[in-house]
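Spelled out, the chains give:
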Amino acid sequence: MSTPELGLPMAVAAPELPARVRIYEVGARDGLQNEKATVPTEVKAEFVRRLADSGLTTIEATSFVHPKWVPQLADAEQLFPLVSDLGRSSGVHLPVLVPNERGLDRALALGARHVALFASATESFAKANLNRTVDESLAMFEPVVSRAKAGKVHVRSYISMCFGDPWEGPVPIHQVVRVCKALMDMGCDELSLGDTIGVATPGHVQTLLAELNEEGVPTSALGVHFHDTYGQALANTLAALQHGVTTVDASAGGLGGCPYAKSATGNLATEDLVWMLQGLGIDTGVDLARLTATSVWMAERLGRPSPSRTVKALSHKE
Ligand code: HMG
Ligand code: MG
């Protein structure tokens with residue numbers, strides 16, 4: 001137990017949880033890709049810098065996708081050079097989304113060392129998000145992984161719609177496992193299990209993780225990516241931590257959604273996650289006050305308040 005500071009929870013450890021969690025920050029990508037207003041490139045760059053200044057060490061910076069598909073991130077070529085020094089000077093990892101070889105070429109040309117693919121567990125979302133079937137998209141990823149690995153570039157892959165899909169409903173676990181195994185066999189370094197529309201519940205999370213382990217995918221290669229549509233993201237995160245997961249995706253201020261899955265709302269807010277982890281005595285390296293100030297700053301730029309409960313509570317003025 002530790003003495004609580006103002007604006008921090010009292011730390012009381014719970015048994016059998018990891019000592020440290022890596023927060024994989026997606027606000028600048030998953031968050032901003034879904035904003036109606038296009039955020040100026042300089043504001044995005046300052047956002048990334050402030051996130052790094054808050055102690056976050058993995059910050060997904062942008063996407064090298066087709067600019068017509070995600071116009072909000074069409075400035076990737078301009079943005080990445082404005083923040084890439086963070087990787088060299090402070091050791092911050094700045095992954096970027098790439099869907100195909102064209103995206104990889106664009107990312108490599110700017111010196112990216114961490115890339116993230118995005119697969120789908122369902123046919124409907126593969127079509128909507130990648131204009132491909134599931135198998136066609138896996139075939140599209142194969143040369144991306146082999147070229148990235150040959151260049152010693154770290155490869156993550158998301159798998160979207162792991163728990164439910166807006167067109168197909170509940171997603172059978174074996175369907176998710178098949179795609180995850182294919183991506184691991186291809187040589188991906190890590191996977192992130194996406195609850196794109198936020199329908200997962202804790203038992204479902206633990207069952208999927210256990211099935212993946214059964215099929216040879218180790219927990220150490222798995223991260224979780226929860227959207228908070230039904231308010232389940234923190235409960236699902238705790239369930240994943242209890243299973244041994246140590247990589248959790250979150251977005252500062254709870255920004256986010258997905259332009260190709262209309263019922264998706266924001267990601268788990270990083271501040272809400274940090275509050276819980278700090279309360280559990282789990283080390284994240286994040287300064288909650290600085291992070292909250294960053295989300296308040298960003299909310300002002302976006303012209304609407306952050307949906308994060310923790311941001312609201314910590315920034316509330318009498
Ligand atoms: P397509 O139309 O099938 O592309 O789109 P194509 O391969 O037929 O190529 C058509 C043209 O696009 C060609 O140009 C290509 O060069 C160009 P042309 O020869 O006609 O002049 N092109 C590109 N240009 C720039 N950058 C590229 C690129 N690729 C092709 N990378 C494609 C296929 C994958 C490109 C398209 O579907 C796409 O960009 N999709 C991106 C969708 C997206 O970004 N969604 C949001 C991210 S996923 C997400 O948010 C979920 C996640 O958070 C996890 C979760 O919550 O579940 C990760
Ligand atoms: Mg997402």
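Residues numbered from 1 in each chain as written. Chains lettered and ligands numbered in written order. Predicted model: local features only at pLDDT ≥ 70, side-chain atom pairs only at ≥ 80, totals over all residues. Heavy atoms only, no water.

In the nomenclature of an unreviewed UniProt entry, the chain corresponds to Hydroxymethylglutaryl-CoA lyase from the organism Streptomyces olivochromogenes. Quoted verbatim from the Sequence similarities (unreviewed entry) field of UniProt, the annotation for the chain is "Belongs to the HMG-CoA lyase family." (UniProt positions renumbered as here; feature names shortened; annotations may be inferred.)

### Concerning the overall build of the chain
Scanning the chain from N- to C-terminus turns up 13 helices and eleven strands. Taking 20 Å as the expected radius of gyration for a compact globule of 318 residues, we find that the chain reaches 18 Å, a close match to that expectation. Taken along its principal axes, the extent of the C-alpha atoms in the chain is 55 × 45 × 35 Å. When each of the 318 residues of the chain is scored for burial, the buried share is 55%. At a minimum sequence separation of 6, the contacts of the chain that also span at least 24 residues come to 76%. Total accessible area computed for the chain in this model is approximately 13,200 Å², and 53% of it derives from carbon and sulfur atoms. (Helix = DSSP H or I, 4+ residues; strand = E, 2+ residues; numbered from the N terminus. Rg over C-alpha atoms; globule rule 2.2 N^0.38 Å. Buried < 20%, exposed > 50% of the residue type's maximum accessible area, 1.4 Å probe, protein only. Contact = heavy atoms within 4.5 Å. Areas by Shrake-Rupley, 256 points an atom, 1.4 Å probe, with all protein chains shown as cover.)

### Remarks on helix α2 (residues 41–53)
With 13 residues, α2 should cover 18 Å at 1.5 Å per step; its first-to-last C-alpha distance of 18 Å lies within 8% of that length. Buried residues of α2: Thr41, Val43, Lys44, Ala45, Phe47, Val48, Leu51 and Ala52, and no others. Where α2 is buried, its residues touch β1 (22–25), α1 (27–31), β2 (58–59), α3 (76–83), α4 (85–90) and α12 (288–302). Remark: glycine 55 follows α2 within two positions and exhibits a positive phi of approximately 105 degrees. (Expected span 1.5 Å × (residues − 1).)

### Side note on the site of ligand 1
Inspection of the region around ligand 1 gives 28 residues, with Asn100, Asn129, Arg132, Ser160 and Thr196 positioned closest. Separating a nitrogen atom of ligand 1 from a backbone N or O atom of phenylalanine 64 is a distance of 3.0 Å. Within the side chain of histidine 227, an N or O atom sits 3.0 Å from an oxygen atom of ligand 1. Compared with its free state, where it exposes 1,100 Å², ligand 1 has 75% of that area covered by protein. Only α1, α5 (101–109), α6 (123–130) and β6 (154–160) provide two or more residues apiece to the shell around ligand 1. In terms of residue count, the dominant contributor to the shell around ligand 1 is α5 (three residues). The residue inventory of the shell around ligand 1, partitioned by class, reads twelve nonpolar, eleven polar and five charged. (Near = heavy atom within 4 Å. Polar contact = N/O pair within 3.5 Å; in protein donor to acceptor, adjacent residues only side chain to side chain. Nonpolar A, V, L, I, M, F, W, Y, C, P; charged D, E, K, R; others polar.)

### So, α5
The complete set of buried residues in α5 reads Gly103, Leu104, Arg106 and Ala107. The buried residues of α5 occupy an angular sector of 165 degrees when the element is viewed end-on, so they sit on one face. Exposed positions of α5 whose direction lies more than 90 degrees from the buried face are Arg102 and Ala109. Just downstream of α5, glycine 111 is the residue with a positive phi angle, here 90 degrees. (Arc of directions from axis to C-beta.)

### Overview of the packing of α6 against helix α7 (residues 134–150)
Here α6 crosses α7 at 50 degrees, and the two axes come no closer than 8 Å. By the angle class used here, α6 and α7 are oblique. Of α7, the residues touching α6 (which contributes Glu123, Ala126 and Leu130) are Val134, Ser137, Met140 and Phe141. The residue makeup of the contact of α6 with α7, split by class, is five nonpolar, one polar and one charged. (Axes fitted to C-alpha atoms, helices over the stretch in contact; angles between N-to-C directions. Parallel < 35°, antiparallel > 145°, perpendicular 65-115°, else oblique.)

### Describing the layout of surface pockets
Space inside the second largest pocket adds up to approximately 330 Å³. If you trace the second largest pocket, you find 16 residues lining it, with Asp228, Gly231, Asp272, Pro307 and Arg309 closest to the centre. Secondary-structure elements contributing two or more residues to the lining of the second largest pocket are α10 (233–243) and α13 (309–315). In terms of residue class, the lining of the second largest pocket is built from five nonpolar, eight polar and three charged. (1 Å grid on protein atoms, 1.4 Å probe; cavity = no way out; pocket = protein on both sides within 12 Å on 5 of 7 lines; lining within 4 Å. Points joined across faces, edges and corners; volume = space filled by probe spheres on them.)

### Some words on the packing of helix α9 (residues 202–214) against α10
Between two packed helices, the angle of one axis relative to the other and the distance separating the axes together describe the packing. In contact at an axis separation of 8 Å, α9 and α10 are set at 35 degrees when each is read in the N-to-C sense. Considering only the axes of α9 and α10, their crossing is right-handed. Counted together, Pro202, Val205, Gln206, Leu209, Ala210 and Asn213 of α9 and Ala235, Asn236, Ala239, Ala240, Gln242 and His243 of α10 form the full contact between these two elements. When the residues that make up the contact of α9 with α10 are grouped by side-chain class, the tally is seven nonpolar, five polar and no charged. (Left-handed = near helix turned anticlockwise from the far one by under 90°.)

### Digging into empty space enclosed by the protein
Per the stated rule, a full pass over the model turns up one cavity of 30 Å³ or more. Of the pockets and cavities examined, the largest cavity occupies roughly 50 Å³. The wall of the largest cavity is formed by Phe47, Ala252, Gly253, Leu255, Ser295, Met298, Ala299, Leu302, Arg304, Pro305, Ser306 and Pro307. Broken down by element, the residue count for the lining of the largest cavity peaks at four residues, all from α12. Split into classes, the residues belonging to the lining of the largest cavity amount to eight nonpolar, three polar and one charged.

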